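Observations on the model geometry
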Amino acid sequence: MLLLHGISCLIAKDGSMNIGGLQKVSLIDYPGKISAIIFTQGCNFRCPYCHNPQLVDPKLYRPCLFSKDILDFLAHRRGKLDAVTITGGEPTLQEDLIPLIQKIRKMGFAVKLDSNGSRPDVLAHLLKDKLLDFIALDIKAPLDKYSQVVKVQMDTGAIAQSVRLVIQSKIPQEFRTTVVKSMLTQKDILAIAKEIAGAKRYALQRFQPAQTLDPEFAGEQLFPEEELLKLKKQLEKMFPLVLIR
Ligand code: SF4
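Anyway, here's the lowdown on the structure attached to this text. Note that the coordinates shown come from a computational prediction; the quantities given were computed from them, not determined experimentally. (Residues numbered from 1 in each chain as written. Predicted model: local features only at pLDDT ≥ 70, side-chain atom pairs only at ≥ 80, totals over all residues. Heavy atoms only, no water.)

1. Concerning the overall build of the chain
Rule in force here: Every helix listed is a DSSP run of H or I at least four residues long, and every strand listed is a run of E at least two residues long, numbered separately from the N terminus. Radius of gyration here is computed from C-alpha atoms only, and the compact-globule reference equals 2.2 Å multiplied by the residue count raised to the power 0.38. Residue burial is assigned from relative accessible area. The probe radius is 1.4 Å, only protein chains are included, and a residue is buried under 20% of its type maximum, exposed over 50%, and partly exposed in between. Whether two residues are in contact is decided by their heavy atoms: any pair within 4.5 Å suffices. In this count, Lys and Arg are taken as positive residues and Asp and Glu as negative ones, while His and the chain termini are left out. By convention, charge coordinates are those of NZ in Lys, CZ in Arg, CG in Asp, or CD in Glu.
Within the chain, the secondary structure is distributed over 7 helices and 8 strands. Computed over the C-alpha atoms, the radius of gyration of the chain is 18 Å, within 12% of the 18 Å expected from 2.2 N^0.38 for a compact globule of 245 residues. Projected onto its principal axes, the C-alpha positions of the chain cover 45 × 40 × 30 Å. Out of the 245 residues belonging to the chain, those deemed buried represent 51%. Once local pairs closer than 6 in sequence are excluded, the contacts in the chain between residues at least 24 apart make up 70%. Looking at the chain, you have 34 positive and 26 negative side-chain charges, and the mean spots of the two groups are 5 Å apart.

2. Details of the nonpolar core
Heads up, the rule is: What we call a nonpolar core is a set of buried Ala, Val, Leu, Ile, Met, Phe, Trp, Tyr and Cys residues that are connected through their side-chain atoms within 4.5 Å.
Counting residues in each nonpolar core, the largest one holds 68 residues, and the members touching the most others are Leu-74, Ile-104, Leu-126, Leu-132, Ile-139, Phe-175 and Tyr-202. It is helix H2 (residues 97–106) that contributes the most residues to this core, 5 residues altogether. For Leu-132, the residues in contact, after removing those within four places along its chain, are Ile-101, Arg-105, Val-111, Leu-113, Leu-126, Leu-127 and Ile-171.

3. What to know about unusual backbone geometry
The step from Gly-88 to Gly-89 runs through a cis peptide bond, and the omega angle for that step is 10°. Within the fold, Gly-89 resides in the loop between strand S3 (83–87) and H2. Positive phi, close to 55°, is recorded for Lys-130, a residue that is not glycine. You can see Lys-130 is positioned in the loop between helix H3 (120–128) and strand S5 (134–138). Positive phi is not limited to glycine here, since Lys-151 has a value of about 65°. Residue position: Lys-151 is located in the loop between helix H4 (146–150) and helix H5 (156–169).

4. What to know about the pairing of strand S6 (residues 173–179)
The following threshold applies: Criterion used throughout: strands pair if DSSP finds at least two bridges between them. We call a crossover right-handed when, viewed with both strands directed away from the observer, the connection leading from the first strand over the helix to the second proceeds clockwise.
Counting buried positions over the 7 residues of S6 gives 7, a clear majority of the element. On S6, burial covers both faces: Gln-173, Phe-175, Thr-177 and Val-179 on one face and Glu-174, Arg-176 and Thr-178 on the other are all buried. Relative to strand S7 (residues 201–206), S6 is paired through 5 bridges, and the arrangement is parallel. Within S7, the residue paired with Val-179 across the bridge is Arg-206. For the crossover from S6 across helix H6 (residues 186–195) to S7, the handedness is right-handed.

5. Focus on the site of the ligand
Heads up, the condition is: Throughout this document, a residue counts as near a molecule or strand when at least one of its heavy atoms sits within 4 Å of that molecule or strand. In this classification, the charged set is Asp, Glu, Lys and Arg, the nonpolar set is Ala, Val, Leu, Ile, Met, Phe, Trp, Tyr, Cys and Pro, and all remaining amino acids, among them Gly, are polar.
Close to the ligand lie Cys-43, Phe-45, Cys-47, Cys-50, Val-56, Gly-89, Asn-116 and Lys-140. For the shell around the ligand, the residue count by class is 5 nonpolar, 2 polar and 1 charged.

6. Re the pattern of salt bridges
Close approach of charged atoms allows side chains of opposite charge to pair. Put simply, the test is: Whenever Lys or Arg places a side-chain nitrogen within 4 Å of a carboxyl oxygen from Asp or Glu, that contact is recorded as a salt bridge.
Applying the stated criterion across every chain yields a total of 15 salt bridges. We note a salt bridge from Arg-105 to Asp-133, for which the minimum N-O separation is 2.7 Å. Residue Arg-105 is found in helix H2, and its partner Asp-133 is found in the loop between H3 and S5; the two are separated by 28 residues along the sequence. Judged by relative accessible area, Arg-105 falls into the partly exposed class, the value being 27%. A relative accessible area of 24% means that Asp-133 is categorised as partly exposed. One salt-bridge network, in which partners are shared between bridges, spans Asp-29, Lys-112, Asp-114, Asp-138, Lys-140 and Arg-176.

7. Remarks on the environment of Glu-226
Among the secondary structure elements, Glu-226 is positioned in helix H7 (residues 225–235). Sequence separation of Glu-226 and Val-166 is 60 residues, and the distance between their C-alpha atoms is 30 Å.

8. Details of the packing of H3 against H5
The cut-off we apply is this: Helix axes are fitted only over the stretch in contact, all axes being lines through C-alpha atoms; the angle between N-to-C directions runs from 0 to 180 degrees. We call two directions roughly parallel when the angle between them is under 35 degrees, roughly antiparallel when it is over 145, roughly perpendicular when it lies between 65 and 115, and oblique otherwise. Here a crossing is called left-handed whenever its near helix is offset anticlockwise from the far helix by less than a right angle, and right-handed whenever the offset is clockwise.
Packing of H3 against H5 leaves a shortest axis separation of 9 Å and a crossing angle of 15°. For the element pair H3 / H5, the angle class is roughly parallel. Classified by chirality, the crossing of H5 by H3 is left-handed. Touching Pro-120, Leu-123, Ala-124 and Leu-127 of H3 are Ala-158, Gln-161, Ser-162, Leu-165 and Ser-169, all from H5. Classifying every residue of the contact of H3 with H5 gives 6 nonpolar, 3 polar and no charged.

Dropping the structure here:
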């Protein structure tokens, strides 16, 4: 992640948007588009395998960036970038997410949002106002195992509602699950697949054994490739597109 440093948001906040980082260009994050990536700071989950701990654990927060600086940067990238991805942390926790997206779209960029699905009210607003061009929803576990994986007590009804909203929205979308061997079994992945029936695209993401929110997960074993390929074949009977990355 490339960071442009601003004044620490612990001292001065830029509206109600905590932005922890900016990647100036990505050729892979937004399917088919060249995008910049905005990383919001703060998350309501504590997935131990999270590879962005500096956006999740307040003790590790870095100085925030100003959204004005991000918008200035984007103004100079018109014609060079197609799109902006907003990821986190969890972007829907940011009070000024909607006005920021409105400004980015007014500049002519497509917007992709990555979300953990915990705030269906925010997703509903964004979808109703047609403010998103692509949405990627992280599905962490089957609903009955969610709190066990994200390590906080949470409302699984909110996740089920977000899943329905995204499927019904018909905008370009991706559901995705990070496959962590000590937390999810093949049976769990197939249970998730049933809970997101109707999705257009489902991606299984290999766990990244680099920096993790819980340092013990840095040594986590990877899901065996042959198991992933077997799962992919089964999932291809349920979704138009299945990816392993
Ligand atoms: S993996 Fe995503 S949802 Fe989980 S703690 Fe990290 S940023 Fe939050």
